[in-house]
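# An overview of the molecular structure
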Amino acid sequence: MRAVGSSIPRVDARHKVTGEALYPGDIDRPGQLWLRVVFAERPHARIRGIDTSAAMAAPGVVAVFTAADVPNNVYGLNTLDQPVLCGPGAPRGMADADIVRFVGDQVALVVAETETQANSAARLLQIDFEDLPVVSDPLAAMQPGSPLVHGYRDNNVLLEYHVRTGDVEAGFARADVVVEHTYRTGAQEHAYLQPEAGLSYIDALGRVVVVVAGQWVHEDRQQIAHALGLPEEQVVVRYPAIGGAFGGREDMSVQIVLALAAWRLKQRGIDRPVKTIWSRRESIIGHHKRHPSVVSAKWGATRDGKLVAQQVDFTSDCGAYAYTSTKVLGNATLACLGPYVCDNVHVDARTVYTNNVPGGAYRGFGGPQGHFAAELQMDRLAEALGMDPLELRLRNAWHE
């Protein structure tokens, strides 16, 4: 037993400090092949065809996989809205899986004897793209006539939340001071030390095993099984040392494609592990970021520093796919009001599809964007009232 306040050593501390801990990029298996993911490298386009013949003929190449090799070509942590591989010919999945919606959409997989051979062969793929109109600003994406990121939808707004308490107009009528401002926050890269990496193989029980860094082991397994059309018990996901995450590993990166490659190779009589390690550049374009946001806030207070009205319009840039945008939006909808008591509140919040890199989980999960606007509003109110900013906060803070 340990007393309250005593120091408990981390169980993994020694192995990490000495370098004994194995991260996904450190793990190898005998006879492994190397996988290279081919990214779209363009924000919005239709793939009319992929010619794999030159890549297949390249030295060391064992296989090239495209959308036609994905049994169920759609996935998503909360919303099934993203193809595993973009391109024509998938047996089932998204109706418009031939469309790429951001630069990091995955188009093909090249498997070769060495990492260098896989990289070289990937450059030989001939992809016929038809570029489509791009929408990169979430405010513009909401306007009538804006290009649709997902053609099956009527508009680009993925989800809206509304908060109504009291009478905000009556609150502003009572206010002695009103401050109004628009705030913008940008995307943010997680930049964890271990880029996306992992390996997959078929074990002695015929199960697809994926060794990868992640944050939602059961959700990873569910999404892999769904895409491959397998029962979940036929998929095993193992996390070694993670190498940093901060929310950036909640969504798929290499998990499904590694499993797909090892599974399809086994069906062709090739029972060999498959490994990949993304470069930093691939990591930056291939995984989600903190959501950019636009926050317009109008707050009112009485001369004695009492908040009487809060009106906020919050828009987050969802990017090309939903990921955890709906959950992040929920936090931001509350955070944009700050930890303050106010009887008259009016909030409209939404997250909007664009052709940008998707937004997703990042430390604080919507809180930083909302609180950034809320706390600057308090500073502006304090300045307008000639009041100490801390005193203004103390007069309005929530208490149990």
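The present account deals with the structure reproduced in this document. Computed from a prediction, not measured in an experiment: that's the story for all the values here. (Residues numbered from 1 in each chain as written. Predicted model: local features only at pLDDT ≥ 70, side-chain atom pairs only at ≥ 80, totals over all residues. Heavy atoms only, no water.)

### A word on helix H9 (residues 325-335)
Residues of H9 that are buried include every one of Ser325, Thr326, Val328, Leu329, Ala332, Thr333 and Ala335, and no others. Check the buried side of H9 and you find it contacts strand E7 (157-165), strand E14 (307-319), strand E15 (345-353) and helix H10 (367-385). (Buried < 20%, exposed > 50% of the residue type's maximum accessible area, 1.4 Å probe, protein only. Helix = DSSP H or I, 4+ residues; strand = E, 2+ residues; numbered from the N terminus. Contact = heavy atoms within 4.5 Å.)

### As for the packing of helix H6 (residues 217-228) against helix H7 (residues 255-267)
Contact geometry for H6 and H7: axes closest at 9 Å, N-to-C directions at 45 degrees. In terms of orientation, H6 and H7 fall into the oblique class. Pair H6 / H7 crosses with right-handed handedness. In this structure, H6 contributes Asp220, Gln223, Ile224, Ala227 and Leu228 to the contact, and H7 contributes Gln255, Ile256, Ala259, Leu260 and Trp263. (Axes fitted to C-alpha atoms, helices over the stretch in contact; angles between N-to-C directions. Parallel < 35°, antiparallel > 145°, perpendicular 65-115°, else oblique. Left-handed = near helix turned anticlockwise from the far one by under 90°.)

### Observations regarding helix H3 (residues 115-122)
Those residues of H3 not exposed but buried are Ala118, Ala121 and Ala122. Within H3, the buried residues cover an arc of 100 degrees as seen down the axis, which keeps them to one side. The secondary structure elements touched by the buried residues of H3 are strand E1 (33-39), helix H2 (53-56), strand E3 (61-65) and strand E5 (106-112). (Arc of directions from axis to C-beta.)

### Side note on the side chain of glutamine 310
By secondary structure assignment, the location of glutamine 310 is in strand E14. Among the residues examined, glutamine 310 registers a relative accessible area of 1% and is labelled buried. Other than its neighbours up to four places away in sequence, glutamine 310 contacts Val168, Lys298, Trp299, Leu337, Cys342, Asn344, Val345 and His346.

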